[in-house]
Amino acid sequence: MPLVLVLHAQGKLNDVYDTCSAILTELGESIPEFYTLSESSEMIVESFKMYDEAGEEWLKSDATVDKTVHNTLQLYRAITFASFFCKSHSMVVYFASKAVQLSLSRGICEHTPLSLLQFTSVAIKDDNAMIRIAKNALSLRERFDLSTQIPELYMNFYGRVAWRFEPFQAGVHKLRQCLDAGLSSGRSNIGLFCGLNEIKYALCSGANLKSLLKRIDYFLHLMETYRNEATKNRALLMRETVSSLIDNGQATSIEASACVGDLDDPKNKLREASFYYSAMTCFWLGHNGRCRYYGKKCIDLFWQGGQVTSYVAQFYLGKQFKYS
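To start, this report covers the structure provided alongside it. (Residues numbered from 1 in each chain as written. Predicted model: local features only at pLDDT ≥ 70, side-chain atom pairs only at ≥ 80, totals over all residues. Heavy atoms only, no water.)

Regarding the overall build of the protein chain
Test applied: Secondary structure counts use DSSP, requiring at least four H or I residues in a row for a helix and at least two E residues in a row for a strand, with both numbered from the N terminus. Burial classes follow relative accessibility: with a 1.4 Å probe on protein chains only, a residue under 20% of its type's maximum area counts as buried, one over 50% as exposed, and anything between as partly exposed. Only heavy atoms enter the contact rule, under which two residues are in contact if any of them lie within 4.5 Å. The accessible surface values rely on the Shrake-Rupley method and a 1.4 Å probe; as for residues, cover is taken only from the protein chains in view. In this charge count, Lys and Arg are treated as positive and Asp and Glu as negative; neither His nor the chain ends contribute. To locate a charge, take atom NZ for lysine, CZ for arginine, CG for aspartate or CD for glutamate.
Summing up its helical and strand segments, the protein chain has 15 helices and zero strands in all. Overall, the C-alpha framework of the protein chain stretches about 60 × 45 × 35 Å when taken along its three principal axes. The burial tally for the protein chain puts 54% of its 324 residues in the buried class. In the protein chain, once contacts between residues fewer than 6 apart in sequence are set aside, the share between residues at least 24 apart is 69%. Accessible surface, the protein chain: about 14600 Å² in total, of which carbon and sulfur atoms supply 51%. For the protein chain, the distance from the average site of its 35 positive side-chain charges to the average site of its 34 negative ones is 6 Å.

Now the structure itself:
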């Protein structure tokens, strides 16, 4: 695990994936080369079924002392996070589901809460069921010392789940705290990802654009300071969006620009973000036709990543369909 943590901190997520994959294979876990959308949907259903069958009493069961379970869950935690950036969404679902199923079948421990939160952040089912599981996961703070995991726990809860039932503004506040906590605890990679989500939610919630532009520039400075390139292009996409909304980039643009790659490549992990911010920009600038185009593109990629972007894109499309 020390090597994985070092690679994580450096933002070398492809190396994190390869290292975790090799160790998990040695531990007897199966790592598929490819996982389909239908297979991931079935695995989500299976995981929910196992959770429901275990019942709430499972959360109160004796903690396992099996070190193999502890170590395997930590590896699944790392590979799930890395997969978000370098593999398909179906693979993210696979690893998150495997971790939950492992804990359900072999025992609960201090790594179970994060496994549950990672699962609820990618599982697309009844919102009430996901919220119930997520809140149960956080309640385990009363059983285990999770102080070192707080940035990652909150990143998954407030950055990926809580938006379904709490205002965006509440998430912005918590994620800013997590950015600071991650940086001060040596988990810069997690802290920076919290910061990225903080900015995304602030933009969605109507934050002052000029203040937000300064926040993004500070975030880009932090990325350079910590030599972490993992989320730089996403941050630059948000900066270009804010700059366009302020003055069409005439006085607020910078030399650096996002490298989004081939937007026709299904393996391109920046496609959804690019379409989403293009739809947002076009919506607020009154370009109705282009907003429809990019909004539909984003929604079509719902399974590739962050569900919140697709929900907001549906809002933009709804407004366009209603008033045009």
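A short note on the environment of leucine 7
Relative to the helices and strands, leucine 7 is located in helix α1 (residues 2–9). Distance in space between the C-alpha atoms of leucine 7 and methionine 50 is 33 Å, their sequence separation being 43 residues. Leucine 7 has contacts with Lys12, Asp15, Val16 and Thr19, leaving out every residue within four places of it along the chain.

What to know about helix α11 (residues 209–225)
Condition: How far a helix is expected to stretch is found by multiplying one less than its residue total by 1.5 Å. Whenever two N or O atoms come within 3.5 Å, that pair is a polar contact, provided that in protein one can donate a hydrogen and the other can accept it, and provided that, for residues adjacent in sequence, both atoms are side-chain atoms.
Relative to the 24 Å expected for 17 residues at 1.5 Å per residue, α11 spans 24 Å between its end C-alpha atoms, a close match to the ideal helical length. When we look at burial in α11, the residues that qualify are Leu212, Leu213, Arg215, Ile216, Phe219, Leu220, Leu222 and Met223. The inward-facing, buried residues of α11 contact α9 (168–184), α10 (188–204) and α12 (232–247). The backbone nitrogen of lysine 210 lies 3.1 Å from a side-chain oxygen of the residue at the head of α11, namely asparagine 208. Arginine 227, located one to two residues past α11, shows a positive phi value of around 50 degrees.

Overview of the packing of aromatic side chains
We apply this condition: Note on aromatic contacts: the rings of Phe and Tyr and the six-membered ring of Trp form a pair at centre separations within 6.5 Å, being stacked when their planes are under 30 degrees apart, edge-to-face when over 60 apart, and tilted otherwise. Over a ring means this: the NZ of a Lys or the CZ of an Arg is within 6 Å of the ring centre and within 35 degrees of the ring normal.
Counted according to the given criterion, the structure contains 22 aromatic pairs. Each ring, one from tyrosine 51 and one from tryptophan 58, has its centre 6.0 Å from the other, and the planes form 75 degrees; the classification is edge-to-face. A residue is classified by how much of its surface remains accessible, and tyrosine 51, at 3% relative accessible area, is buried. Residue classification places tryptophan 58 among the buried residues on the basis of a relative accessible area of 8%. An aromatic cluster of at least three residues, connected via ring pairs, comprises Tyr17, Tyr35, Tyr76, Tyr94 and Phe95. Directly above the aromatic system of tyrosine 17 lies the positively charged group of lysine 87, at a separation of 4.7 Å from the ring centroid.

Remarks on the packing of helix α7 (residues 127–139) against helix α8 (residues 150–161)
As a reminder of what qualifies: Here an angle of 0 to 180 degrees is reported between the N-to-C directions of two axes, which are lines fitted to C-alpha atoms, with helices fitted over the stretch in contact. In this scheme, roughly parallel covers angles under 35 degrees and roughly antiparallel covers those over 145, while 65 to 115 is roughly perpendicular and the rest are oblique. The sense of a crossing depends on the near helix, which, turned anticlockwise from the far helix by less than a right angle, makes the crossing left-handed and, turned clockwise, makes it right-handed. Under the scheme applied here, ten amino acids are nonpolar (Ala, Val, Leu, Ile, Met, Phe, Trp, Tyr, Cys and Pro), four are charged (Asp, Glu, Lys and Arg), and all others, including Gly, are polar.
As a packed pair, α7 and α8 sit with axes 11 Å apart at the nearest point and diverge in direction by 155 degrees. Taken together, the axes of α7 and α8 are roughly antiparallel relative to one another. Crossing handedness for the pair α7 and α8: left-handed. Here Ala134, Lys135 and Leu138 of α7 lie close against α8, whose contacting residues are Tyr154, Phe157 and Val161. Class assignment for the residues of the contact of α7 with α8 results in five nonpolar, no polar and one charged.

Regarding the side chain of arginine 187
Here arginine 187 shows up in the loop between α9 and α10. When neighbours within four sequence positions are excluded, arginine 187 is seen to be in contact with Thr148, Glu152 and Gly182.

Quick look at the packing of α11 against α12
Contact pair α11 / α12: the axes reach a minimum separation of 10 Å and the direction vectors enclose 155 degrees. Relative to α12, α11 is oriented roughly antiparallel. Remark: the crossing between α11 and α12 carries left-handed chirality. For the pair α11 and α12, contact is made by Leu209, Lys210, Leu212, Leu213, Ile216, Asp217, Phe219, Leu220 and Met223 and by Lys232, Ala235, Leu236, Met238, Arg239, Val242, Ser243, Leu245 and Ile246, respectively. Residue classes in the contact of α11 with α12 are distributed as 13 nonpolar, one polar and four charged.

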